Amino acid sequence: QTRCVEGSRDATSNSFLPPALLVEHDFTRGPWWPGETYDVAWAVEFLEHVGRQYINNYMPILQKAAYLFATHSTWGGWHHVEVH
């Protein structure tokens, strides 16, 4: 099973995935609680965009997977609030 969680309308409207697999959610507004568990969570260039004060909003979804793969930018970029 695949589920894609995106933080913007632009990302969901331009996705190649079928709409049934997409969830639009802004983690600065609260958590999103998936009902299912997953084999893998893949956070691609996500963590640097959400401030540390919102960690309790996105950790529940990452904890629903047996494995977590995360990538991050090392050079800055648009709205990178957590690049150290």
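A brief report on the enclosed structure follows. (Residues numbered from 1 in each chain as written. Predicted model: local features only at pLDDT ≥ 70, side-chain atom pairs only at ≥ 80, totals over all residues. Heavy atoms only, no water.)

1. Remarks on the overall build of the protein
Each helix and strand counted, the protein has two helices and four strands in total. Starting at the N terminus and walking to the C terminus, you meet the elements of the protein as β-α-β-β-α-β. Compactness check: the protein gives a C-alpha radius of gyration of 13 Å against a globular reference of 12 Å for 84 residues, within 12% of the reference. Counting all 84 residues of the protein, 30% fall into the buried class. Residue pairs at least 24 apart in sequence account for 65% of intrachain contacts in the protein once pairs closer than 6 positions are excluded. Summed over all atoms, the accessible surface of the protein reaches about 6200 Å², with 55% contributed by carbon and sulfur. Each charge class in the protein can be summarised by its mean position, and for the 5 positive and 9 negative side chains these summaries are 7 Å apart. (Helix = DSSP H or I, 4+ residues; strand = E, 2+ residues; numbered from the N terminus. Rg over C-alpha atoms; globule rule 2.2 N^0.38 Å. Buried < 20%, exposed > 50% of the residue type's maximum accessible area, 1.4 Å probe, protein only. Contact = heavy atoms within 4.5 Å. Areas by Shrake-Rupley, 256 points an atom, 1.4 Å probe, with all protein chains shown as cover. Lys, Arg positive; Asp, Glu negative; His and termini not counted. Charge placed at Lys NZ, Arg CZ, Asp CG, Glu CD.)

2. Looking at the side chain of T12
Its location among the elements puts T12 in helix α1 (residues 9-13). Polar side-chain contacts of T12 include one of 3.0 Å to the backbone oxygen of R9. Apart from residues no more than four positions distant in its own chain, T12 is found in contact with E6, L22, V23 and E24. (Polar contact = N/O pair within 3.5 Å; in protein donor to acceptor, adjacent residues only side chain to side chain.)

3. Notes on the layout of surface pockets
Volume-wise, the largest pocket comes out at about 1100 Å³. What lines the largest pocket is a set of 33 residues, among which V5, E6, W42, A43 and F46 lie closest to the centre. Of all the elements, strand β3 (residues 38-44) adds the most residues to the lining of the largest pocket, at seven residues. Along the lines of polarity and charge, the residues of the lining of the largest pocket split into 19 nonpolar, nine polar and five charged. (1 Å grid on protein atoms, 1.4 Å probe; cavity = no way out; pocket = protein on both sides within 12 Å on 5 of 7 lines; lining within 4 Å. Points joined across faces, edges and corners; volume = space filled by probe spheres on them. Nonpolar A, V, L, I, M, F, W, Y, C, P; charged D, E, K, R; others polar.)

4. A few points about the environment of V50
Inspection of the secondary structure puts V50 in the loop between β3 and α2 (55-62). Since its relative accessible area comes to 7%, V50 is described here as buried. A sequence separation of 31 residues divides V50 from V81, and the C-alpha atoms of the two residues are 6.6 Å apart. When residues no more than four places from it in sequence are discounted, the contact partners of V50 are Y58, V81 and E82.

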